[in-house]
Amino acid sequence: MPRLASRLATLAAAVALVVGGAASAPAEPVADLTEVGTPITNVAIDKVAYGTLPDGTPVIYTVLLGSGTTSLHVIDLRERRSIRSVRLDGAIGSRDLAVAPDGTLYIATFQQGRLYSYDYATNTLTDLGRPSSAVTYLYGLGIHPDGTVFFGGYPTGQLFAYDPDDGTFRDYGNLSPDSQYLRSAVVWGDAVYAGLGTQRARLVRVDIASGAVTPIPLPAPYDAEHEVNQVTVRGDVAYVHLTASRTMLRYDLRAQRWLAPLGPAGGLDVSPVAPMRKEVYFVGTNGRLNAFSTLTGRIRETGAFPSMFTSRGFAWIDLDEPGYPGESLVMTDYIGRLWVHNPRTGESRVDQLEITGEPVHIRALGVGPDGRIWAGGLGSGGLSWYDPATGGMAQVPRGTVGQTDEMLRVGSDLYLGTYPAGTVLRYDPGAPFAWGGNPGPVANLSAQGQDRPMALAWAAGRLVIGTVPNYGQLAGAISVYDPATGSVAVDRGVAGSGSVVSAVAIGDVVYASTSKWAGLGIVPPGDDGRVFAYDPVTRTKLWEVVPYPGLPAVTELAVSPSGTLWGLTQGRLFELDPSTRQVVREISVPAEDWTNVDHVWSEGQRLAVLPDGTVYAVVGGQLLRADVAAGAVSVVTSGVSAVVLGDDGALYLSKGAVLHRLVP
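Residues numbered from 1 in each chain as written. Predicted model: local features only at pLDDT ≥ 70, side-chain atom pairs only at ≥ 80, totals over all residues. Heavy atoms only, no water.

### Overview of the nonpolar core
Core analysis: the biggest nonpolar cluster contains 18 residues, and Leu218, Val240 and Trp258 have the highest contact counts within it. Listing elements by their share of this core, those giving two or more residues are β15 (179-188), β16 (191-198), β19 (228-234), β20 (237-242) and β21 (247-252). In this structure, Leu218 is in contact with Ala201, Leu203, Asp223, Val228, Leu242, Leu249 and Trp258, ignoring residues within four places of it in sequence. One finds Ile45, Tyr50, Tyr324 and Ile355 within the second-largest nonpolar core, a separate group that totals 17 residues. (Core = buried A, V, L, I, M, F, W, Y, C linked by side-chain atoms within 4.5 Å. Buried < 20%, exposed > 50% of the residue type's maximum accessible area, 1.4 Å probe, protein only. Helix = DSSP H or I, 4+ residues; strand = E, 2+ residues; numbered from the N terminus. Contact = heavy atoms within 4.5 Å.)

Shown next, in the form of structure tokens:
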């Protein structure tokens, strides 16, 4: 940008004048650090697999989303309870599980991208390893009748196979140059059908023997979408679910042609074909259970449930209980409920499965209107409060508030930036909790291509929202919500091709920072991390600077007592004077490695400035205390992901799923 280029020389000269210092060894204890507790626990299910134990008991296998570690659960379907749990150290969840013909369960995990197998009869969990050191998430388990296991990897978009006979992996390579996600892999005949994204939605056929890849172009207008989220094969038909429009397409595998789409679907998959009426069942976008006739092509509402959560897997099971003769359709949802419908009798019920929840990694911290400390969960979400005055702690109803990326106190309200769908909620903690109303949405930015509200600031009576764009897309946004009118105005591209990841306000001006990394699944162009000033009334960018040319992100901003800005970037904690737009102080901090990462945004609150000007920063999991005068930092404690300053003068830290209190 012209404005950017004109300031590079000035900024280079300014940086040369700042104070430098290196991170020191851990100092003597400078604070009183105590553990407060684990504020959020959830039963959160991404996927399930159905199986039968050696004694004939029908079971559900699932891995809960956790924090640092989690558990595999074996759930007795008839008793609706977990009968065995096994820890999966190093994994935080599983997006896919599948049962092989010999009864072996396979588990694809994320965080470390490892494949596991489990044998119920011997209660043996085996770590089969990582197919590639470049893969962190595994997706889409499909199993061949001979026992070979196929699955995909992120961020490489590769297809892998695991041979249980010799314990080896085969790498089929990246299936499309513009795809980092391989979400789904299913086996039909002598081929694997894989769903890809995220720059362009793709369905491909991979010949198992030769590895030859054959693209299957999606029908218009769906060929413009960015991701295939799920592929499910029922009979000779592949049901292909698209992420953006949520459309369920149908592809005849034998005739190799597209059929009429099923239409929008709230769930990712469809049920196995019903044994009696030759129907497949699916959840519509209205939350209703629908049945699609594979013979007539007609869709009917079953009337079984008024509203359902997104399905996490269907099966036909003989429950052996009154009112449910023969096989009933069962479905699990995200919060661990079992939905049961019997087509013969029309009987339906919903039961909560008895599963011990997992502690949830704290993603965001904030201070509420009455001084309580609020914590938002990563992945499975959840929202909880801690009262420093009484020591009380409580969680709002589970399964309501999703992942919270940012919080902001404004008057008697607490604004929550939540993922997915770029939804910002307004919550009055002093009023009764009523999901959909309190908290209720004030902005949903998914239609504007935005997905993660990472930055919230309040200026001139308006809420300013900085966002990361959707998967596979560039160009984040600044959005302005005006509570007086209820309007939301979106300025996309204000951060260039990257994202707006942090924002603070001084008076009626908002100061925001950027990262070159945009939505997941797309390689961003080279860019510098910037700081800019924004007028929310006129929706005008007032000025913009690059504090450090060559560094691709400024991840955090905070306001000092004197009205300057503190910022955080790779290897540097810096002070910027908004009146001169120059860096006036620099303090060296440990440099995080950004060379082989898929994104660098704002991962929770990482800067806190005390009234006396002392700065605390979270870098590489370490809480650092900056001696501003000396230009050096000392390590206070490790294992920290977020920090916030409470009204009581204490700092509140998240260490994984545990909240801590630190008295400076």
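### Topic: the environment of Leu651
Its location among the elements puts Leu651 in strand β56 (residues 651-655). Considered as a pair, Leu651 and Pro664 are 13 residues apart in the sequence and their alpha carbons are 7.4 Å apart. For Leu651, the residues in contact, after removing those within four places along its chain, are Ala608, Leu610, Tyr616, Val643, Val644, Leu645, His660, Arg661, Leu662 and Pro664.

### A word on unusual backbone geometry
Between Gly197 and Thr198 the backbone carries a cis peptide bond, its omega angle lying at 25°. Structurally, Thr198 can be placed in strand β16. Along the chain, Ala220 connects to Pro221 via a cis peptide bond; the corresponding omega equals 5°. The topology assignment puts Pro221 in the loop between β18 (213-216) and β19. With a phi angle near 65°, Arg246 is a residue other than glycine that sits in the positive phi range. Structurally, Arg246 is set in the loop between β20 and β21. According to the relative accessible area criterion, Arg246 is partly exposed, its value standing at 34%. The backbone of Lys278 shows a phi angle near 55°, a positive value even though the residue is not glycine. The residue Lys278 is located in the loop between β22 (257-264) and β23 (279-283) in this model.

### Notes on the packing of aromatic side chains
With the rule as written, the count across this model stands at 21 aromatic pairs. Ring geometry for Phe110 versus Tyr137: centroids 4.9 Å apart, planes at 10°, classification stacked. Highlighted residues: Phe110 in strand β8 (residues 105-110) and Tyr137 in strand β11 (residues 137-143), separated in sequence by 27 residues. Residue Tyr137 is classed as partly exposed on the basis of its relative accessible area, which comes to 25%. Arranged with centres 6.1 Å apart and planes meeting at 55°, the rings of Tyr386 and Tyr652 form a pair that is tilted. Here Tyr386 is found in strand β33 (residues 383-386), whereas its partner Tyr652 is found in strand β56, with 266 residues between them in sequence. In this structure, Arg95 packs its charged tip against the face of Phe110, placed 4.8 Å from the ring centre. (Phe/Tyr/Trp six-rings, centres within 6.5 Å; stacked < 30°, edge-to-face > 60°. Lys NZ or Arg CZ within 6 Å of the ring centre and 35° of its normal.)

### Description of the side chain of Asn290
For Asn290, the position within the fold is in strand β24 (residues 289-293). If we ignore the near neighbours within four places in the chain, the residues touching Asn290 are Val280, Tyr281, Phe282, Gly284, Ile299, Arg300, Glu301 and Thr302.

### Some points on the pattern of salt bridges
A complete count under the given rule lists 29 salt bridges for this structure. Across the pair Glu321 and Arg349 runs a salt bridge, and its minimum N-O distance is 2.7 Å. Taken together, the residues span a long stretch of sequence, with Glu321 in the loop between β26 (311-318) and β27 (327-333) and Arg349 in strand β29 (residues 348-352) at a distance of 28 residues. Three or more residues joined by partner-sharing salt bridges are found here, namely Arg80, Glu321, Arg349 and Asp351. (Salt bridge = Lys/Arg side-chain N within 4 Å of Asp/Glu carboxyl O.)

### Points about the sheet that holds strand β39 (residues 450-459)
Pairing between the strands of a sheet comes from backbone hydrogen bonds, and it takes one of two forms, parallel or antiparallel. Strands sit in the order β39-β40-β41-β42 across an open sheet of four strands; the sheet is antiparallel. Of all strands in the sheet, those with a lone pairing partner are β39 and β42 (487-492), marking the two edges. Mean inter-strand twist for the sheet, computed between neighbouring axes without regard to direction, equals 25°. As defined by bridge partners, β39 adjoins strand β40 (residues 462-469) across eight bridges and the pair is classed as antiparallel. Bridge pairing in β40 places Ala459 opposite Arg462. (Pairing = 2+ DSSP bridges. Axes fitted to C-alpha atoms, helices over the stretch in contact; angles between N-to-C directions.)

### A few points about the environment of Phe150
Within the secondary structure, Phe150 sits in strand β12 (residues 149-154). Along the sequence, Phe150 and Ser515 sit 365 residues apart, while their C-alpha atoms lie 35 Å from each other.

### Comments concerning the pairing of strand β37 (residues 423-427)
For β37, the buried fraction is high: four of the five residues fall into the buried class. Sheet topology places strand β36 (residues 413-419) next to β37; five bridges connect them, and they run antiparallel. Following the sheet pairing, Leu416 is matched in β37 by Leu425. Joining the antiparallel neighbours β36 and β37 is a turn of three residues, in which Ala421 adopts a positive phi near 75°. Where β37 meets strand β38 (residues 440-444), four bridges bridge the pair, whose relative direction is antiparallel. Bridging from a neighbouring strand, Arg426 pairs with Gly440 of β38.

### Details of the sheet that holds strand β3 (residues 45-52)
Pairing within the open sheet is antiparallel, and its four strands lie in the order β3-β4-β5-β6. Single-partner strands in this sheet number two, and they are β3 and β6 (81-89). The average undirected angle you get between the axes of adjacent strands in this sheet is 20°. For strand β5 (residues 69-76) and β6, the ladder comprises eight bridges, and the chain directions are antiparallel. Its bridge partner lying in β6, Thr70 is registered against Leu88.

### Describing the side chain of Ser117
Within the secondary structure layout, Ser117 lies in strand β9 (residues 115-119). Contact partners of Ser117, with chain neighbours within four places excluded, come to Thr104, Leu105, Tyr106, Thr124, Leu125, Thr126 and Leu128.

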